[in-house]
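Each chain, letter by letter, is given below.
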Amino acid sequence: MAGKPPTGDPVQDAPDVAAPQHAAAGLPAIAHTLRIAQKQMGVRRTALTLLKVNQKDGFDCPGCAWPEPDKRHAAEFCENGAKAVAEEATLRRVTPDFFAAHPVADLATRSGYWLGQQGRLTHPMYLAEGAETYEPVTWERAFDLIAEELHALTSPDEALFYTSGRTSNEAAFLYQLFAREFGTNNLPDCSNMCHESSGSALTDTIGVGKGSVLLEDLYQADLIIVAGQNPGTNHPRMLSALEKAKAGGTKIITVNPLPEAGMERFKNPQNARGLAGGGTPLTDLFLQIRLGGDQALFRTLGRLVLETEGAVDTDFVREHTHGFEEYERTARAADWDETLRATGLRREEIEEALRMVLASRRTVVCWAMGLTQHKHAVPTIKEVVNLLLLRGDIGRPGAGVCPVRGHSNVQGDRTMGIFERPSTAFLDALEKEFGFAPPREHGLDVVRAIRALRDGDAKVFFAMGGNFVAASPDTDVTEAAMRRARLTVHVSTKLNRSHVITGARALILPTLGRTERDRQSGGDQFVTVEDSMGMVHASRGRLEPASPQLLSEPAIVCRLARRVLGTASTTPWEDFEKDYGTIRDRVSRVVPGFEDFNARVARPGGFTLPHAPRDERRFPTATGKANFTAAPVEYPKAPEGRLLLQTLRSHDQYNTTIYGLDDRYRGIKNGRRVVLVHPDDARALGLADGTYADLVSEWTDGTERRAPGFRVVHYPTAPGCAAAYYPETNVLVPLDHTADTSNTPASKSLVVRLEQADPA
């Protein structure tokens, strides 16, 4: 069973537990960063590499998408960013000899942590049908194998082309172009599993599916609300921005089921106060909300604003919004008892939050997976927008919406056309520029792609980066679905679990990392990325490639397209591979906002994409205005004796990449199979601190999904709620338990029971 702990490597199943910490970063972060970096890269390579991270003449961190300020520190990286760089620039290598010594069946027993620690992939590898081990293969033979399977399909829609958020703008544009020339819109991507709910909600309400703020807006805000987000682990450089905002007088409300050290106090390792002093307290009001209660909270705050004389920006509402009357009727009916049940908060806490909202003339709301991965995620985010619209807080400095994206170019990939439901305007521009008729029918997102593999409706799975098997929900179903494919292909830098859960045949195609020099026949190349706030900038690696056998992602797509499409394609794939500037020239004629792309990205720091609500207070929605919405309030409910579970990351983790076995801020050391439970809930369930339990999710399909062997940790979570790390708990997430509209897996509101287990 996929939920069982892996065997065959030294992962400890008996973690040590101490009290959680109340401050993030500081000297321990520096020590941990240097220890991991030197272990992976050595002293000299560490210095050469880390000093180029996020610099204007350097490379973009392969970690999160938080933007860089114009004036940058010499060490413009965080602890987790340094871990990501160290694993990419590691001196460890996974060679053909490694694969010869490790049959796939053996690798499948290893943990994701062990697999990732083996180092960089060096050669294209092929697993033939019925074979026990991967064997080296030439690039030419690899492309022949892919072409053979693609040409054998009954329909192009039997192929799936997945994308991870680390893919550059240039590679993403080429990848979607190839898929559409091949004949399909099956372009699922990691956005489907994270911020799809944000894009859906924002497109409907303000007309642009991206955040409306820049870094400068955070510094100018009177109030920042951070909801469903843990910056200290997931976006650590955001803490520096919050510290700067606090220095200017900004107040911060944190809304989260767990207290997180980074939002309590930040010890900035870039200044003396952070290193030697007590750091900066960040949160002024902590609302420890029950899982999924955010919609009810923001609805009630809206009601209270409506009831406060002079609190609504009536000029903005009249001139720039639609649907206010229906929203007002619905919001005024918000029920206090229901709100308190849904949120688990006290009335006086919500009233204190209201006072802070009313005292603010400029409010920014930031959020991440804690809002996006619920069944009612889209109406929750629309409720955030409602509150901001009431106050006129979209389209003016210091105010707006700020969905904080994860992977470093996940937003750019979507901008470049990685989307299973492309707009008519985008397809029209593509057709005009390249002279072919792209498919118009919508393709498959991640959840629908897994169903298609499961049901035999998809036969080839091609992944540009990522770790699809580990990242996806319903692990047993996902793994069985992948094994039904005729061919699975993964473009990767390192080994991961997706390489050992394969179709009948499998390929691993090793690619350059962000840290590495990209030499093509046209000379040294650079790529571009878009950060979480719509800033586009260049990224240039400096290190020699980990192996002479590596190809860049653009080169892989170009060579694949030439082999698969042949003379039927008039696209100049050969020119694109030689000179990425020719790709950017085409992007400038297809994607709005990228006009004169090459010249603008040559400027140090790049350029900002236009955003109509922010720049012009213009809202390109169907109504031509910003839309108030009035969905019924929803929140997850757990029966007696059950808890609501959220999946989350540890501090030694980025998405499915495990850097280590500690979660320093939460007091967990040397283990990952832990479940954090409020002491009162644990005692009511008869689970003492340190006992072990199986986690069993309960859903409407009646299927038992079990993750065995978790150490119970008494922890100050919101009562009735629990938390555990993914991907270990992805086995508990039903494939069909998804957010309405966005179809994002609802990983933050699982109903679970805890069954006491034998520690052995």
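What you are looking at is a predicted structure, and each value in this text was computed from that prediction instead of being measured.

One pair of aromatic rings is described through two measures. These are the centre distance and the angle between the planes. Tallied over the entire structure, the rule returns 21 aromatic pairs. Between the aromatic rings of F594 and F597, the centroid separation amounts to 4.9 Å while the plane-to-plane angle is 70 degrees, which identifies the pairing as edge-to-face. Residue classification places F597 among the buried residues on the basis of a relative accessible area of 1%. An aromatic cluster is present here, built from F161, Y175, F178, F182 and F462 joined pairwise through their rings. The ring of Y219 is capped by K244, whose NZ or CZ atom sits 4.2 Å from the centre of that ring. The ring of F526 carries R584 above its face, with NZ or CZ at 4.0 Å from the centroid.

This next bit is on the environment of D16. Checked against the element boundaries, D16 lands in strand β1 (residues 16–17). Judged by its relative accessible area of 46%, D16 is partly exposed. Put simply, D16 and G671 are 655 residues apart on the chain and 7.4 Å apart in space, counted from C-alpha to C-alpha. Other than its neighbours up to four places away in sequence, D16 contacts G667, I668 and K669.

The grouping of L27, I30, L34 and L275 at the surface amounts to a nonpolar patch, some 300 Å² of accessible area in total. Counting residues per element, the nonpolar patch draws most heavily on helix α1 (residues 27–41), at three residues. Secondary-structure assignment places L275 in helix α14 (residues 272–276). By relative accessible area, which is 32% here, L275 ends up partly exposed.

Moving on, we get to empty space enclosed by the protein. In the structure shown here, the tally under the stated rule is four cavities of 30 Å³ or more. Residue lining of the largest cavity: 18 residues in total, with L512, G513, R514, D518 and V527 positioned closest to the centre. Here the residues of the lining of the largest cavity are counted per class, giving four nonpolar, eight polar and six charged. Approximately 80 Å³ is the volume attributed to the second largest cavity. If you go around the second largest cavity, you meet 13 residues; those closest to its centre are C61, G63, C64, C78 and G81. Listed by contribution, the elements that provide at least two residues to the lining of the second largest cavity are α3 (79–88) and α11 (231–234). The class makeup of the residues in the lining of the second largest cavity is six nonpolar, six polar and one charged.

On to the sheet that holds strand β7 (residues 159–163), then. Read across the sheet, six strands follow the order β6-β5-β18-β17-β16-β7 without closing on themselves; strand pairing throughout is mixed. The outermost strands of the open sheet, each flanked by one partner alone, are β6 (135–136) and β7. The sheet contact formed by strand β5 (residues 125–127) and β6 spans two bridges and is antiparallel. Bridged to M125 within β6 is P136.

Where like charges cluster on the molecular surface, the negative patch consists of E574, D575, D579 and D585. With respect to the helices and strands, D579 occurs in the loop between α28 (573–578) and α29 (580–590). Among the residues examined, D579 registers a relative accessible area of 35% and is labelled partly exposed.

This brings us to the environment of A89. By the element assignment, A89 lies in the loop between α3 and β3 (93–94). Leaving out residues up to four positions away in the same chain, A89 has contacts with M41, R45, T49, T515 and L543.

Okay, the pattern of salt bridges next. Tallied over the entire structure, the rule returns 69 salt bridges. A salt bridge links R562 to E577, with the nearest nitrogen and oxygen atoms 3.5 Å apart. One end of the pair, R562, is in helix α27 (residues 553–565); the other, E577, is in helix α28, and 15 residues separate them in sequence. Judged by its relative accessible area of 8%, E577 falls in the buried class. Close ionic contact of E728 with R672 constitutes a salt bridge, the shortest N to O distance being 2.6 Å. In this pair, E728 sits in the loop between β32 (721–725) and β33 (750–757) while R672 sits in the loop between β28 (668–669) and β29 (674–677), placing the two residues 56 residues apart along the sequence. The same class applies to E728 and to R672, which are both buried. One continuous salt-bridge network, built from bridges that share partners, spans R642, D694, E698, E704, R706, R753 and E755.

Here we come to the side chain of S742. Take S742: it is sitting in the loop between β32 and β33. A polar atom in the side chain of S742 sits 2.8 Å from the side chain of S197. Setting aside anything within four residues of it in sequence, one finds S742 in contact with E196, S197, S200, V378 and D445.

The next point concerns unusual backbone geometry. Here the residue pair Y726 and P727 is connected by a cis peptide bond, since its omega of 10 degrees sits within 30 degrees of zero. Mapped onto the elements, P727 comes out in the loop between β32 and β33. We note that D474 has phi near 50 degrees; this positive angle belongs to a residue other than glycine. Looking at the secondary structure, you find D474 in the loop between α25 (468–471) and α26 (475–483). Classification of D474 by relative accessible area gives buried; the value is 4%. One non-glycine residue, N743, lies in positive phi territory at about 65 degrees.

Time to look at the side chain of T515. Among the secondary structure elements, T515 is positioned in the loop between β18 (505–510) and β19 (518–520). Since its relative accessible area comes to 1%, T515 is described here as buried. The contacts of T515, once residues within four sequence positions are left out, are T49, F59, V85, E88, A89, G541, R542 and L543.

Conventions we followed
- Residues numbered from 1 in each chain as written.
- Predicted model: local features only at pLDDT ≥ 70, side-chain atom pairs only at ≥ 80, totals over all residues.
- Heavy atoms only, no water.
- Phe/Tyr/Trp six-rings, centres within 6.5 Å; stacked < 30°, edge-to-face > 60°.
- Buried < 20%, exposed > 50% of the residue type's maximum accessible area, 1.4 Å probe, protein only.
- Lys NZ or Arg CZ within 6 Å of the ring centre and 35° of its normal.
- Helix = DSSP H or I, 4+ residues; strand = E, 2+ residues; numbered from the N terminus.
- Contact = heavy atoms within 4.5 Å.
- Patch = residues over 30% accessible without salt bridge, like charges linked within 9 Å, V, L, I, M, F, W, Y side chains within 5 Å.
- Areas by Shrake-Rupley, 256 points an atom, 1.4 Å probe, with all protein chains shown as cover.
- Salt bridge = Lys/Arg side-chain N within 4 Å of Asp/Glu carboxyl O.
- 1 Å grid on protein atoms, 1.4 Å probe; cavity = no way out; pocket = protein on both sides within 12 Å on 5 of 7 lines; lining within 4 Å.
- Points joined across faces, edges and corners; volume = space filled by probe spheres on them.
- Nonpolar A, V, L, I, M, F, W, Y, C, P; charged D, E, K, R; others polar.
- Pairing = 2+ DSSP bridges.
- Lys, Arg positive; Asp, Glu negative; His and termini not counted.
- Charge placed at Lys NZ, Arg CZ, Asp CG, Glu CD.
- Polar contact = N/O pair within 3.5 Å; in protein donor to acceptor, adjacent residues only side chain to side chain.

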